[in-house]
Amino acid sequence: MPITFTILLDLLGTFAFAISGIRLASGKQIDWFGAYIIGLVTAIGGGTTRDLLLDVTPFWMLDAKYFLTTGVALIAALLFKDKLFKWGNTLFLFDTIGLGLFTIVGITKSIDAGLSIWVCIVMGTITASLGGVVRDVLLNEVPLLFRKDIYALACVAGGGVYFICIYFNLPTGITELLAALTVIALRLIAVKFHIHLPQITLIKND
Amino acid sequence: MPITFTILLDLLGTFAFAISGIRLASGKQIDWFGAYIIGLVTAIGGGTTRDLLLDVTPFWMLDAKYFLTTGVALIAALLFKDKLFKWGNTLFLFDTIGLGLFTIVGITKSIDAGLSIWVCIVMGTITASLGGVVRDVLLNEVPLLFRKDIYALACVAGGGVYFICIYFNLPTGITELLAALTVIALRLIAVKFHIHLPQITLIKND
Amino acid sequence: MPITFTILLDLLGTFAFAISGIRLASGKQIDWFGAYIIGLVTAIGGGTTRDLLLDVTPFWMLDAKYFLTTGVALIAALLFKDKLFKWGNTLFLFDTIGLGLFTIVGITKSIDAGLSIWVCIVMGTITASLGGVVRDVLLNEVPLLFRKDIYALACVAGGGVYFICIYFNLPTGITELLAALTVIALRLIAVKFHIHLPQITLIKND
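It should be emphasised that the depicted structure is a prediction, and the values quoted were computed from it without experimental measurement.

This brings us to the overall build of chain A. For chain A, the count of helices and strands is 8 helices and 0 strands. Sequence-ordered secondary structure for chain A, helices as α and strands as β, is α-α-α-α-α-α-α-α. The globule rule puts the C-alpha radius of gyration for 206 residues at 17 Å, and the 17 Å found for chain A is close to it. Considering chain A as a whole, with its 206 residues, one finds that 54% of them fall into the buried category. In chain A, the proportion of contacts linking residues at least 24 apart, taken out of those at least 6 apart, comes to 72%.

Here it is as structure tokens:
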């Protein structure tokens, strides 16, 4: 992917993740600053955890654009209040694109760190989905990720596709595109057709 | 301890910790994937925190067996549903053995990192008990560790015994065995005789 | 600031932060050990997160005084039970002094690590305020920080003042004092006059 296009997608993903945090914070007696922090943590929580595990400098320390994008997301949320919910589908699309892109970012960073394939896939999944977990924990809810939809599992599948492409020596651009599209397509299909995993219920008394 | 025996105990401990996470996830509208993640975090959360604090590569990145063992635990939980509760005592024993073993693993890793005695004991305690704290936070409960039973305190005591043995120049094998047995015995005794610390209640109005 | 005075303030801040954790744990069926851990996490959680992000050894591993001070705080809380609430104002003052001091500690450590100005301010804010967030998450509450008062924002402002002083080449001692006083004054004023940010409420249906 051309570099500017990747940056644009990165910012769109960050924006969508931040908005998802701010929306969930709304109506829970949380102030503007709190909403900013929850948006921020949703957007950068996954990548920060990945970087701590990889023992590299957290990515947001090197570039202010993630903090700024979150600020823009907060201002947009405050300005367009009710419209945010009308635009739900568009934001959901951004969010899903972010999911795909962040998975790829996590995988490529882990390959650079020389990790084995399955760890790279785990890192891609962490990058894309852990921010939402931290968001839910801060808002005092059982993470959505554990309860509904195909979300992290789409990242795992995308990671699988990534390394299948690598195995067949596909060019990097194609590999990244196919992997990201896998994540995006799986998530869209799962939500559209209400596909989800069964819930776990161990019977306590026979 | 012979190396294969230690590995067996490590896997048993991981399995028991994972099962404890999966059991707690049951009945909370959590899907199979969520149950897997909660089992995983229970099993590796403590050691991962320790490795981040020690600034070494998280142990599970170097060996897939922890992720695999958690997968086996999930399958076992799904297959044996109700029996899991009948086998409660056996699983409790595994869990307690895991507690003892993980404490020792944390201490020895910290000694290798050249830390002072009290930090090693803290690290042993973190290794053995923090996974359960993360599990409870993810499930939106006040950590059990803070509320009931002698759990982390047994790890602290085991750590104390470890360094008393070192002080008296006991061989490594004996030292590790005595320390682990201390953790296990204290936990078993505390649960059997309902021994626990008093709760904290500061009076607001006299 | 003379070194011994800084150490005294550091211990006072640690003590006040630990007490704030222990007080919030009270009456929630948490035992003494749990109260100690929650006090500890309140006191050292922010600095530990900062050190993990900066990739340096967590400060408390190098000096037992933070664990000891938290122990003293627990004993004091158990001994003076009801008086703790009578002394609320004094403890609030300590807590606010701790906030100011921890902000400065976070900033200076980050400057030493060669980070850019805005990252230093973020680190100062994390150092001073993240312990309280972890405390609230462990106690299963939506962090107070997100809901009420000017708290983290006072740290951000103090960080701004810090770098304005640096810009004007003020001596280090004066710079640190003015920045800390800014944090303290803003917090005191905000609480006294009930100044807080508006809450976020996005309208779901027009």
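That was the structure; now back to the text.
Facing 32 residues of chain C, the contacting portion of chain A comprises 35 residues. Contact with chain A buries surface across chain C, with Phe146(C), Ile200(C) and Leu202(C) losing the most and accounting together for 28% of the total. The interface formed by chain C and chain A contains 3 residue pairs in polar contact (both at pLDDT 80 or more). Residue assignment for the side of chain C that touches chain A shows that the elements contributing at least two residues are helix 2 (32-54), helix 6 (117-138) and helix 7 (152-167) of chain C. A breakdown of the residues in the side of chain C that touches chain A according to their chemical character gives 21 nonpolar, 4 polar and 7 charged.

Moving on, we get to the relation of the copies chain C and chain A. Rotating chain C by 120° and moving it 0.0 Å along the rotation axis overlays it on chain A with an RMSD of 0.0 Å. Taken together, the rotation and translation describe the operation of a three-fold axis. Minimal C-alpha distance to the rotation axis in chain C is attained by Asn140(C), lying at 3.7 Å. A low fraction, 12%, of the interface residues of chain C reappear at the interface in chain A, so the copies pair through non-equivalent surfaces.

Attention shifts here to the relation of the copies chain C and chain B. Superposition of chain C onto chain B requires a rotation of 120° combined with a translation of 0.0 Å along the rotation axis, giving an RMSD of 0.0 Å. With a heterologous cut-off of 20% or less, the 12% of interface residues of chain C that recur at the interface of chain B puts this contact in the heterologous class.

Residue and element names in this part refer to chain B. Topologically, Asp63 is positioned in the loop between helix 2 (32-54) and helix 3 (65-80). The class of Asp63 is partly exposed, set by a relative accessible area of 29%. Here the alpha-carbon distance between Asp63 and Leu74, two residues 11 residues apart in the chain, equals 19 Å. Reaching out from Asp63, the side chain makes a polar contact with the backbone nitrogen of Lys65 at a distance of 3.1 Å.

Across soluble globular proteins, nonpolar side chains show a tendency to be buried alongside one another. Counting residues in each nonpolar core, the largest one holds 163 residues, and the members touching the most others are Trp60(A), Trp60(B) and Trp60(C). Excluding residues that lie within four positions of it along the chain, Trp60(A) makes contacts with Ile44(A), Thr48(A), Tyr66(A), Phe67(A), Leu53(C), Trp118(C), Val122(C) and Met123(C).

Moving on, we come to the interface of chain C and chain B. If you look at the interface, chain C gives 34 residues, while chain B gives 32 residues. Of the roughly 2900 Å² buried at the junction of chain C and chain B (both faces included), carbon and sulfur atoms supply 70%. Looking only at chain C, the three residues that lose the most surface to chain B are Asp31(C), Phe33(C) and Met61(C), adding up to 22% of its buried area. Here chain C is connected to chain B by 0 salt bridges. Joining chain C to chain B, the criterion identifies 4 residue pairs in polar contact (both at pLDDT 80 or more). At the level of secondary structure, the elements contributing two or more residues to the side of chain C that touches chain B comprise helix 1 (3-25), helix 2, helix 3 (65-80), helix 4 (83-86) and helix 6 of chain C.

Owing to its 3.6 residues per turn, the α-helix aligns residues three or four sequence positions apart on the same side. An ideal rise of 1.5 Å per residue puts 22 Å on 16 residues; helix 7 of chain C measures up with 23 Å between its terminal C-alpha atoms. The complete set of buried residues in helix 7 of chain C reads Ala152(C), Ala154(C), Cys155(C), Gly158(C), Gly159(C), Tyr162(C), Phe163(C) and Cys165(C). In this structure, the buried residues of helix 7 of chain C make contact with helix 2 (32-54) of chain A together with helix 5 (88-112), helix 6 and helix 8 (172-192) of chain C. Asn169(C), located one to two residues past helix 7 of chain C, shows a positive phi value of around 60°.

Attention now goes to the pattern of salt bridges. Tallied over the full model, the rule gives 15 salt bridges over all chains. Between Asp136(C) and Arg135(C) there is a salt bridge; the shortest N-O distance is 2.9 Å. With a relative accessible area of 2%, Asp136(C) lands in the buried category. Since its relative accessible area comes to 10%, Arg135(C) is described here as buried. Within this structure, Arg50(A), Asp51(A) and Lys109(A) form a network of salt bridges that share partners.

Conventions and cut-offs
- Each chain carries its own residue numbering, running from 1 in the direction its sequence is written.
- Written order determines the labels here, with chains lettered from A and ligands numbered from 1.
- With the structure being a predicted model, the display of local features is reserved for residues of pLDDT at least 70 and the display and counting of side-chain atom pairs for 80 or more, all residues being used for whole-chain, interface and lining totals.
- Water and hydrogen atoms play no part in the side-chain values, which are based on all heavy atoms of the structure.
- The helix and strand labels rest on DSSP assignments: H or I over at least four residues marks a helix, E over at least two residues marks a strand, and numbering proceeds from the N terminus.
- Values of the radius of gyration come from C-alpha atoms, whereas the globule rule sets the reference at 2.2 Å times the count of residues to the power 0.38.
- We call a residue buried when its accessible area falls under 20% of the maximum for its residue type, exposed when it is over 50%, and partly exposed in between, using a 1.4 Å probe and counting protein chains only.
- Residues are treated as being in contact if the distance between any of their heavy atoms lies within 4.5 Å.
- A quick way to say it: buried area is the sum, across both parts, of accessible area lost when two parts are put together, with a 1.4 Å probe.
- Throughout this description, a polar contact denotes any pair of N or O atoms lying within 3.5 Å of each other; where both atoms belong to protein, one of them has to be capable of donating a hydrogen while the other can accept it, and for residues adjacent in sequence the pair is counted only when both atoms sit in side chains.
- Three categories are distinguished: nonpolar for Ala, Val, Leu, Ile, Met, Phe, Trp, Tyr, Cys and Pro, charged for Asp, Glu, Lys and Arg, and polar for the others, with Gly belonging to the last.
- Least squares is the method for superposing the copies, and the C-alpha atoms it fits come from residues with pLDDT of at least 70 in both.
- Buried residues of nine kinds, namely Ala, Val, Leu, Ile, Met, Phe, Trp, Tyr and Cys, make up a nonpolar core once their side-chain atoms join them within 4.5 Å.
- Whenever Lys or Arg places a side-chain nitrogen within 4 Å of a carboxyl oxygen from Asp or Glu, that contact is recorded as a salt bridge.
- Helix span, expected: 1.5 Å multiplied by one less than the number of residues in the helix.

Function cannot be read off these values alone, since they describe shape.
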